[in-house]
Amino acid sequence: MRKSRISAVAAMAAAAALALTGCGGSGDEAGAGDTVKIGIKFDQPGLGFKDGDKFTGFDVDVAKYVANELGFAEDKIEWVSAPSANRETLLETNQVDMILATYSITDSRKERVAFAGPYFVAGQDLLVRTDDSSITGPDTLKGKKLCSVTGSTSAKKVSDTYPGVALVEQGGYADCLGLLETGGIDAVTTDDIILAGLAATEANKGKFKVVGNTFTEELYGVGLNKENTTCEDVNTAITKMIDSGEWEKSLKANTEGTGYTPNAKLNPPTPAPCA
Ligand code: GLU
């Protein structure tokens with residue numbers, strides 16, 4: 001990778017690896033063989049998706065860009081599955097160095113982990129069966145069965161704000177779509193970009209529609225262990241990806257054919273200063 005810059009990159013990789021693992025003592029020196037463990041979703045098409053031994057999606061592209069800026073070429077990335085409910089623990093226990101998994105920055109999560117970014121802003125929405133015109137927003141959900149994912153802001157928003165709704169929790173959003181198809185539930189709720197990606201897969205085409213009435217702002221951050229010192233470098237990498245046009249290119253390519261349009265007022269966002 002970029003042979004002319006190899007020593008600079010190696011030095012950066014060493015520094016970044018030390019910072020990422022929070023280890024600075026002697027004997028912890030990072031060498032050229034070091035890898036970075038990145039948590040992503042494996043089951044969210046267009047965002048984080050595992051297809052055999054290939055990983056695709058916007059989160060994956062941002063992760064690759066950031067890792068590369070920190071000195072880790074693509075073959076030095078170990079992809080780790082990071083379901084919504086496991087993300088804080090994965091970071092706290094250093095099972096991953098960073099997480100890019102449609103991971104909203106929230107104050108309660110900040111008590112356990114740190115965030116760089118945001119690198120994208122989504123909004124919570126609803127997915128229903130194509131022939132359903134009764135559900136047009138969260139206020140039309142009374143008495144309906146709604147599926148979301150354990151540990152997500154989406155599930156929390158519903159239980160906090162819409163107590164009249166019967167919430168069914170699953171481990172991943174793809175599991176919710178199976179229930180929606182068979183009629184076990186009436187709607188799925190999470191971020192609009194996730195719903196659009198799931199609805200557009202070959203297997204799901206024509207079956208579901210995104211309601212298109214968002215009721216939150218979800219600022220996607222790069223989750224880090226609190227001891228991690230690379231937050232500023234991650235922010236610099238995100239800004240570089242946006243300024244270079246790569247961010248837009250990736251977002252377009254990964255949402256193509258889904259009918260999804262990112263909120264242009266909120267995107268691309270400016271990474272917030274690291275605490
Ligand atoms: N962005 C929301 C969250 O972080 C919902 C999507 C997800 O579960 O990953 O909880």
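Look above for the structure.
Residues numbered from 1 in each chain as written. Predicted model: local features only at pLDDT ≥ 70, side-chain atom pairs only at ≥ 80, totals over all residues. Heavy atoms only, no water.

Draft legend 1. The sheet that holds strand E3 (residues 48–51), seen in detail. Strand order in this open sheet of three strands is E2-E3-E4, and the pairing throughout is antiparallel. With one partner strand each, in any of the chains shown, strand E2 (43–44) and strand E4 (54–56) form the two edges of the open sheet. Strand direction decides the pairing type here: E3 and E4, joined by three bridges, are antiparallel. By the bridge assignment for E4, phenylalanine 49 is matched with threonine 56. (Pairing = 2+ DSSP bridges. Helix = DSSP H or I, 4+ residues; strand = E, 2+ residues; numbered from the N terminus.)

Draft legend 2. Region of interest: the sheet that holds strand E9 (residues 145–149). Read across the sheet, five strands follow the order E10-E9-E11-E8-E12 without closing on themselves; strand pairing throughout is mixed. This sheet does not close on itself; its edge strands, each paired only once, are strand E10 (166–170) and strand E12 (208–210). The mean angle between the axes of side-by-side strands here comes to 30°, regardless of whether they run parallel or antiparallel. Here five bridges tie E9 to E10, and the two strands are oriented parallel to one another. Note on E10: the bridge partner recorded for valine 149 is glutamine 170. (Axes fitted to C-alpha atoms, helices over the stretch in contact; angles between N-to-C directions.)

Draft legend 3. How the structure looks around the side chain of aspartate 186. With respect to the helices and strands, the residue aspartate 186 is situated in the loop between helix H6 (173–182) and strand E11 (187–191). A distance of 2.7 Å separates a polar side-chain atom of aspartate 186 from the backbone nitrogen of lysine 145. Residues contacting aspartate 186, with those up to four places away along its chain left out, are Leu127, Val128, Arg129, Asp132, Ile135, Lys144, Lys145 and Leu180. (Polar contact = N/O pair within 3.5 Å; in protein donor to acceptor, adjacent residues only side chain to side chain. Contact = heavy atoms within 4.5 Å.)

Draft legend 4. Main features of the site of the ligand. Taken together, 17 residues lie near the ligand, and Lys41, Ser84, Thr102, Tyr173 and Asp191 sit nearest. The contact in question runs from an oxygen atom of the ligand to an N or O atom on the side chain of lysine 41, over 2.6 Å. Contact between the ligand and serine 84: an oxygen atom at 2.6 Å from a side-chain N or O atom of the residue. (Near = heavy atom within 4 Å.)

Draft legend 5. Layout of the pairing of E9. E9 sits mainly inside the fold: four of its five residues count as buried. Handedness of the crossover joining E9 and E10 through helix H5 (residues 153–161) is recorded here as right-handed. Across two bridges, E9 lies against E11 in parallel orientation. Within E11, the residue paired with leucine 146 across the bridge is alanine 187. (Buried < 20%, exposed > 50% of the residue type's maximum accessible area, 1.4 Å probe, protein only. Right-handed = clockwise from strand over helix to strand, strands pointing away.)

Draft legend 6. Representation of the state of the cysteines. Evaluated as defined, the whole model comprises two disulfides. A sulfur-sulfur separation of 2.1 Å characterises the disulfide bridge that pairs cysteine 147 with cysteine 176. Across the disulfide from cysteine 147 to cysteine 176, rotation about the S-S bond amounts to roughly -70°, and the bridge is consequently left-handed. Taken together, the residues cysteine 147 in strand E9 and cysteine 176 in helix H6 connect sequence positions 29 residues apart. (Disulfide = S-S within 2.5 Å.)

Draft legend 7. Geometry of the packing of helix H8 (residues 231–244) against helix H9 (residues 246–255). Close contact between H8 and H9 brings their axes to 4 Å; oriented N to C, the two are set at 75°. Comparing their axes, H9 and H8 come out roughly perpendicular. Where H8 abuts H9, its residues Met241, Ile242 and Ser244 lie against Glu246, Trp247 and Ser250. When the residues that make up the contact of H8 with H9 are grouped by side-chain class, the tally is three nonpolar, two polar and one charged. (Parallel < 35°, antiparallel > 145°, perpendicular 65-115°, else oblique. Nonpolar A, V, L, I, M, F, W, Y, C, P; charged D, E, K, R; others polar.)

Draft legend 8. Structural detail: the nonpolar core. Counting residues in each nonpolar core, the largest one holds 51 residues, and the members touching the most others are Ile38, Met98, Tyr119, Phe120, Ile193 and Val222. Here this core takes seven residues from helix H2 (residues 58–69), the largest share from any one element. When near neighbours in sequence (up to four residues on either side) are disregarded, valine 222 contacts Met98, Ile99, Leu100, Ala114, Phe115, Ala116, Tyr119, Val234 and Ile238. (Core = buried A, V, L, I, M, F, W, Y, C linked by side-chain atoms within 4.5 Å.)

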